[in-house]
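Close look at the chain arrangement
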Amino acid sequence: MRIDIISIFPEFFGVLDISLLGKARERGLIDLTVHNLRDFTHDRHRTVDDTPYGGGAGMVMKPEPWGDAFDAVLAESPSPVVVFPSPAGERFTQATARELALEPHLVFGCGRYEGIDQRVIAHTASRPGVRVREVSLGDYVLNGGEVAVMAMIEAIGRLVPGMVGNPQSLTEESHEDGLLEYPSYTKPATWRDLEVPPVLLSGNHGAIASWRHEQQVERTRRVRPDLLGE
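Scope of this entry: the structure provided in the associated data block.

What counts, and at which threshold
In this convention, every chain numbers its residues from 1, walking through the sequence in written order. Only residues with pLDDT of at least 70 get local features here, since the model is predicted, and only at 80 or more are side-chain atom pairs given and counted; chain-wide, interface and lining totals rely on the full set of residues. Values shown for side chains rest on all heavy atoms present in the structure; no hydrogens or waters enter the calculation. Under the scheme used here, helices are H or I runs from DSSP no shorter than 4 residues and strands are E runs no shorter than 2 residues, and both carry numbers assigned from the N terminus. Given a helix with a known number of residues, its expected span is that number minus one, times 1.5 Å. Residue exposure (1.4 Å probe, protein chains only): buried if accessible area is under 20% of the type maximum, exposed if over 50%, otherwise partly exposed. Here, the arc refers to the directions that run from the helix axis to the C-beta atoms. Any N or O atom pair separated by 3.5 Å or less is treated as a polar contact, with the protein-specific requirement of one donor-capable and one acceptor-capable atom, and with residues adjacent in sequence counted only for side-chain atom pairs. The set of buried Ala, Val, Leu, Ile, Met, Phe, Trp, Tyr and Cys residues whose side-chain atoms join them within 4.5 Å is what this entry labels a nonpolar core. Every residue pair with non-hydrogen atoms within 4.5 Å of one another is taken to be in contact. Here a Phe, Tyr or Trp ring, Trp counted by its six-membered ring, pairs with any other such ring whose centre lies within 6.5 Å, and the pair is stacked when the planes are under 30 degrees apart, edge-to-face when over 60, and tilted otherwise.

1. Some points on helix α7 (residues 205–223)
- For α7, built from 19 residues, the straight-helix expectation of 27 Å at 1.5 Å per residue is met to within 8% by its first-to-last C-alpha distance of 26 Å.
- All of the buried residues in α7 are I208, W211, Q216 and T220. Taken end-on, α7 shows its buried residues confined to a sector of 165°, consistent with a single buried face. Facing away from the buried surface of α7 by more than 90 degrees, the exposed residues are E214 and R222.
- The opening residue of α7, the one whose side-chain oxygen lies 3.2 Å from the backbone nitrogen of G206, is N204.

2. Quick notes on the environment of H45
- Mapped onto the elements of the fold, H45 is located in the loop between β2 (31–36) and β3 (49–50).
- Judged by its relative accessible area of 57%, H45 falls in the exposed class.
- Sequence-wise, H45 and F108 are 63 residues apart; in three dimensions their C-alpha atoms are separated by 24 Å.

3. Focus on the nonpolar core
- Counting 29 residues, the largest nonpolar core has I5, F108, I153 and I156 as the members making the most contacts within it.
- Among the elements that line this core, the one with the most residues is helix α5 (residues 146–157), at seven residues.
- Setting aside its immediate chain neighbours within four residues, I156 contacts M1, F92, A97, L100, A101, L106 and F108.
- Counting 18 residues, the second largest nonpolar core, distinct from the first, contains F40, M61, V120 and I121.

4. Looking at the packing of aromatic side chains
- A complete count under the given rule lists three aromatic pairs for this structure.
- On the numbers, 5.7 Å between centres and 55° between planes, the contact of F12 with F13 is tilted.
- Using a relative accessible area of 3% as the deciding quantity, one classes F13 as buried.
- With a centroid separation of 5.8 Å and an interplanar angle of 75°, the aromatic rings of F70 and F84 are classed as edge-to-face. Here F70 is found in helix α2 (residues 63–73), whereas its partner F84 is found in strand β5 (residues 81–91), with 14 residues between them in sequence.
- F70 sits in the buried class, given a relative accessible area of 1%.
- In this structure an aromatic cluster arises from ring pairing among W66, F70 and F84.

What follows is the structure in structure tokens.
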């Protein structure tokens with residue numbers, strides 16, 4: 001999978017060299033490049049924002065640097081998906097992560113200030129073969145798109161084949177089957193007078209599977225009843 005990120009804070013993504021994502025890059029499973037939006041400006045101040053038409057607080061990111069950045073990044077890509085993090089976008093879910101993990105090329109545009117000039121999004125969507133998605137990490141507002149992109153890449157990257165050592169572990173996590181994950185325990189069996197549920201020590205795999213499912217349903221009903229339609 002190829003991933004390109006466009007941001008005015010490219011150093012933000014140095015943490016992607018840590019842990020599983022870093023190992024995936026070393027093994028060639030993920031080809032990730034971060035581009036500095038300011039490298040696509042043409043004035044000595046490397047300006048990326050200006051005041052909004054119609055008035056209002058804050059600044060809006062200018063279309064010219066973004067257009068030039070996408071000209072460069074998308075030049076040799078036949079069918080990329082361009083993701084713009086936005087509180088006005090569709091909600092990012094595990095299903096979204098699964099869909100995007102199947103794409104050969106993802107491009108993330110990290111907005112700042114009051115957002116990116118809307119014409120950038122419209123023009124990007126008009127490019128042949130390009131698909132654009134505006135995606136929200138949740139019902140809140142961040143200072144910029146970098147944190148959202150980090151979270152999305154974590155969720156997407158771990159679903160790329162070969163990324164996680166035991167693929168079975170991916171099928172037992174929260175949201176994979178519409179339920180939250182069951183609680184987990186490890187040794188010792190007794191810790192500070194708290195016991196591991198006896199069923200997990202029984203060796204009865206059928207009983208363990210039933211218990212885990214019951215725990216999933218109970219936790220989901222208690223914490224996220226909306227997932228059950230309640």
